[in-house]
Amino acid sequence: MGGSKHEIASKLLAKANRLSSGGSFEKSIKLYLDAAKLTPKNPQIYSRMGAALANIERNDEAIASYKKALSIDPTYSDAAYELALLFQNLNRTKESVEYFSLATKFYPSHTNAYIGLAQALTSLGNVQTAIKAYEKVLIINPTNSEIRQEIASLSARAGDYEKAEVYYKSALVITPHDAHILGNLALVYKLQKDLKKAESTLKKAIKLNPNLPHLNYTLAVVYREDGKAGLAVDQLNIAYKKDPSLKEEYGQIFDQLANTNLRKTGERAD
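The rules behind the values
Residues numbered from 1 in each chain as written. Predicted model: local features only at pLDDT ≥ 70, side-chain atom pairs only at ≥ 80, totals over all residues. Heavy atoms only, no water. Helix = DSSP H or I, 4+ residues; strand = E, 2+ residues; numbered from the N terminus. Buried < 20%, exposed > 50% of the residue type's maximum accessible area, 1.4 Å probe, protein only. Contact = heavy atoms within 4.5 Å. Core = buried A, V, L, I, M, F, W, Y, C linked by side-chain atoms within 4.5 Å. Expected span 1.5 Å × (residues − 1).

Here we look at unusual backbone geometry
Reasoning step 1: One non-glycine residue with positive phi stands out, namely Glu 57, at about 60°.
Reasoning step 2: Mapped onto the elements of the fold, Glu 57 is located in the loop between helix H3 (43-55) and helix H4 (59-72).
Reasoning step 3: A positive phi angle is found at Asn 91, which is not glycine, with a value near 60°.
Reasoning step 4: The topology assignment puts Asn 91 in the loop between helix H5 (77-89) and helix H6 (93-106).
Reasoning step 5: For Asn 91, a relative accessible area of 66% puts it in the exposed group.

The structure is reproduced here in C-alpha cells:
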C-alpha cells in the first residue's frame, strides 16, 4: 500500500470502518491497530476501535481505547458519548454521567447525550438535575413531545404537580390525540385531588383509544376515591374484560369495591 503514513493510515481506517459496519469486528480491530501504529495521535482510530471492541464485549479494552482517544483530544465528543453509552450498558451509571456530561460540554447540541445524561441521573435519583438535562433537549428540539412527557413524569415524581400538568398539556399541543398523555394528565389531576378533571380527562382518553384497559382501571380508582363504588366496579369489569391478567394483579381492589358496592346497595334498599 503506497503513499505517506497518513495516507496509508487513512485507507486502513476506511477499510476497518467498512469491516466493522459489516460485523467483522476482529478483522477491523487488527486494521485499527495497524492504522494507530502509523498515526498514533489520531483520536478517531481509537474511538472507532473502542466501538468494535465493545461490540464483541471486550469491554475493558474498549474503555481503554475510548480513554486513549480522549487523552489525545479531550474535546472529542464522539468518544465521550460512546464511552458513556458503554458505561450505561455496564450499569456503571456514575461513570456514564461523567462522560455524557463531557459529550454535552463539547457538543452542546448533542440531543442523545442529554437524553442519556437525563436517564442516568434519573436512575441515580437525581430527579431535578435530570429534568434540567431534558430541558436542554427542548431548547434544541422544542417540539419533542416524548421529552415533555419525561419532564412531566419526573416533575410528578418530585411532587411538582403544577409543572407536571404544564408539561403534559404542552405535549398534548404537539400530539393532541394521544390517549396515553391524557391518561397521565388525569393521574396528575388525581394527585392534585381534582377528581372531576381526572374523570373527564380519562373519559376523553378512553373515547380516543378504547383499547387501553389501564385507563378504565385508573377511572375506577378515581371513582372509588370519589365515593362512586358502583361506577368503579363497572370500570374494573371493563378493564378486566379487555385484559384478564389485570384481575390477578388488582383482584383484591376489585373485591373491596364489589363488597363496598353491595353494602351501599343494601343500605339503599333498606
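Some thoughts on the environment of Ala 133
Reasoning step 1: When you line up the elements, Ala 133 lands in helix H8 (residues 127-140).
Reasoning step 2: We classify Ala 133 as buried; its relative accessible area is 4%.
Reasoning step 3: Residues Ala 133 and Thr 111, 22 residues apart in the sequence, show an inter-C-alpha distance of 9.6 Å.
Reasoning step 4: Apart from residues no more than four positions distant in its own chain, Ala 133 is found in contact with Tyr 114, Leu 117 and Ala 118.

Some details on the nonpolar core
Reasoning step 1: By size, the foremost hydrophobic cluster in this structure holds 82 residues, and its most contacted members are Tyr 32, Leu 70, Leu 83, Tyr 134, Ile 147, Ile 151 and Leu 215.
Reasoning step 2: If sequence neighbours within four positions are ignored, Ile 147 has contacts with Ile 115, Tyr 134, Val 137 and Leu 138.

Some points on H5
Spacing of three or four residues puts side chains on the same side of an α-helix, whose turn is 3.6 residues.
Reasoning step 1: For H5, built from 13 residues, the straight-helix expectation of 18 Å at 1.5 Å per residue is met to within 8% by its first-to-last C-alpha distance of 18 Å.
Reasoning step 2: For H5, the full list of buried residues reads Ser 77, Ala 79, Ala 80, Tyr 81, Leu 83, Ala 84, Leu 86 and Phe 87.
Reasoning step 3: The elements touched by buried residues of H5 are H3, H4, H6 and helix H7 (111-123).
Reasoning step 4: After H5 finishes, the residue Asn 91 shows a positive phi value of roughly 60°.

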